[in-house]
Amino acid sequence: MDSLNCAVPSRLLPFLLLSLSFILGVSLGTELNFVTCGSVLKLLNVKHNVRLHSHDVRYGSGSGQQSVTGVTAVEDSNSYWSVRGTSGTLCHRGTPVKCGQTIRLTHVNTGRNLHSHYFTSPLSSNQEVSAFGEEGEGDHLDEWTVQCGGSVWKREEAVRFRHKATDALLSVTGEQYGRPIHGQREVHAMLSPSQHSLWKAMEGIFMKPSESLAGGQHYSATHTEF
């Protein structure tokens, strides 16, 4: 599943995730301790306790693309992102994401990819982060490298995402928006690593490979609370 064919209505997403987990097989009581390709998850900024979020609201300045923010709400379905490979490198479903691997994060409800460029962010004047593309396909500015301490991206580990094209890190420094997204935090990119650029995998469905009776490979899923 390395491409998205359509955006998903937010009201249907919890039901879709539950259905997907049962269709693919739920691993009860045995959760993966690492993040895998094809997983759908929420990402928490550890310093500011907000989840990476997007919605069909565009920036009024800068690129004018779909905005990306941080929200304190745990249950919001607009905070789900799909872990995918790049346009040039497949990320086979269920394969652990390696430290140093370049991925795309696709916003499930709108089908747009986490994206950055040299536009200035509206509140802090750092580097703007947006959501870009259609049906999961954008451009090379959608690519982020996972920075972590071991061999694979562990779920309990705080990691960083470095934008491949500009070398800036996905960050939150606490600035809050007014209307129409009152209270949501600005998400931007910064060159220097800090506590503001640490993220942790939270709720979601985590795909894992398993051996079938026929000797081939099929995929099951382990899930946490939505």
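Residues numbered from 1 in each chain as written. Predicted model: local features only at pLDDT ≥ 70, side-chain atom pairs only at ≥ 80, totals over all residues. Heavy atoms only, no water.

1. Topic: the overall build of the protein
The secondary structure content of the protein amounts to 1 helix and 13 strands. N-terminal to C-terminal, the α/β element order of the protein is α-β-β-β-β-β-β-β-β-β-β-β-β-β. Taking all 226 residues of the protein together, 53% fall into the buried category. For the protein, long-range pairs separated by at least 24 residues make up 65% of all intrachain contacts whose partners lie at least 6 apart in sequence. As displayed, the protein has an accessible area near 10000 Å², and 53% of this comes from carbon and sulfur atoms. (Helix = DSSP H or I, 4+ residues; strand = E, 2+ residues; numbered from the N terminus. Buried < 20%, exposed > 50% of the residue type's maximum accessible area, 1.4 Å probe, protein only. Contact = heavy atoms within 4.5 Å. Areas by Shrake-Rupley, 256 points an atom, 1.4 Å probe, with all protein chains shown as cover.)

2. Structural notes on the environment of Leu-169
Tracing the chain through its elements places Leu-169 in strand β10 (residues 169-176). Look at Leu-169 and you get buried, because its relative accessible area is 0%. The sequence separation of Leu-169 and Ala-189 amounts to 20 residues, and the corresponding C-alpha distance is 4.9 Å. For Leu-169, the residues in contact, after removing those within four places along its chain, are Gln-147, Arg-160, Phe-161, Arg-162, His-188, Ala-189, Met-190, Leu-191, Ser-192, Pro-193 and Ser-197.

3. Side note on the pairing of strand β3 (residues 66-71)
A large share of β3 lies buried, amounting to 6 of its 6 residues. Because side chains alternate across β3, one face comprises the buried residues Gln-66, Val-68 and Gly-70, and the other comprises Ser-67, Thr-69 and Val-71, equally buried. Pairing analysis gives 5 bridges linking strand β2 (residues 50-58) to β3, with the strands arranged antiparallel. For Arg-51, the partnering residue across the bridge sits in β3 and is Val-71. Note: β3 against strand β7 (residues 127-132), 2 bridges, orientation antiparallel. Paired with Gln-66 across the strands is Ala-131, a residue of β7. Inspection of the sheet shows β3 paired to strand β11 (residues 185-190) by 2 bridges, in the antiparallel sense. Residue Thr-69 lies in a different strand from β11, and its bridge partner there is Glu-186. (Pairing = 2+ DSSP bridges.)

4. Focus: the confidence of the model for the protein
Chain-level statistics for the protein give a pLDDT mean of 85 and a share of 78% at 70 or above. Considering only residues more than four positions removed or in separate chains, one finds that residues 21-30, a stretch of pLDDT under 50, has 18 contacts. For the stretch residues 211-219, pLDDT sits under 50, and the model shows 17 contacts to residues farther than four places along the chain or on other chains. (pLDDT = per-residue confidence, 0-100.)

5. Quick look at the state of the cysteines
If you walk through the whole model with that rule in mind, you get 2 disulfides. The disulfide that involves Cys-99 links it to Cys-148, with 2.0 Å between the sulfurs. Since a negative S-S torsion denotes a left-handed disulfide, the Cys-99-Cys-148 link at about -120° is left-handed. Of this pair, Cys-99 sits in the loop between β4 (81-84) and β5 (102-107) while Cys-148 sits in the loop between β8 (144-147) and β9 (160-163); the two residues are 49 residues apart in sequence, bridging distant segments of the chain. (Disulfide = S-S within 2.5 Å.)

6. Some remarks on the nonpolar core
Counting residues in hydrophobic clusters, the biggest one holds 34 residues, and the most contacted among them are Leu-52, Val-68, Leu-114, Trp-153, Phe-161 and Leu-170. Looking at this core element by element, the count peaks at 3 residues for strand β12 (residues 199-211). Residues within four places of Trp-153 in sequence aside, it is in contact with Phe-34, Val-35, Leu-41, Leu-43, Val-97, Cys-99, Ile-103, Val-146, Cys-148, Val-159, Phe-161 and Ala-201. (Core = buried A, V, L, I, M, F, W, Y, C linked by side-chain atoms within 4.5 Å.)

7. What to know about the environment of Ser-79
Relative to the helices and strands, Ser-79 is located in the loop between β3 and β4. It is 6.5 Å that separates the C-alpha atoms of Ser-79 and Ser-54, two residues lying 25 residues apart in sequence. In this structure, Ser-79 is in contact with Leu-41, Lys-42, Arg-51, Leu-52, His-53 and Val-71, ignoring residues within four places of it in sequence. Side-chain polar atoms of Ser-79 contact the side chain of His-53, separated by 3.1 Å. (Polar contact = N/O pair within 3.5 Å; in protein donor to acceptor, adjacent residues only side chain to side chain.)

8. A word on the environment of Glu-143
Take Glu-143: it is sitting in the loop between β7 and β8. Considering only alpha carbons, one finds Glu-143 and Lys-164, 21 residues apart in sequence, at a separation of 5.8 Å.

9. Things to note about the pairing of strand β6 (residues 113-120)
Within a regular strand, the side chains alternate between the two sheet faces. In the sheet, β6 pairs with β7 via 5 bridges, with the strands oriented antiparallel. Bridged to Ser-116 within β7 is Val-129. Where β6 hands over to β7, the hairpin turn is made up of 6 residues, of which Ser-125 adopts a positive phi near 65°.

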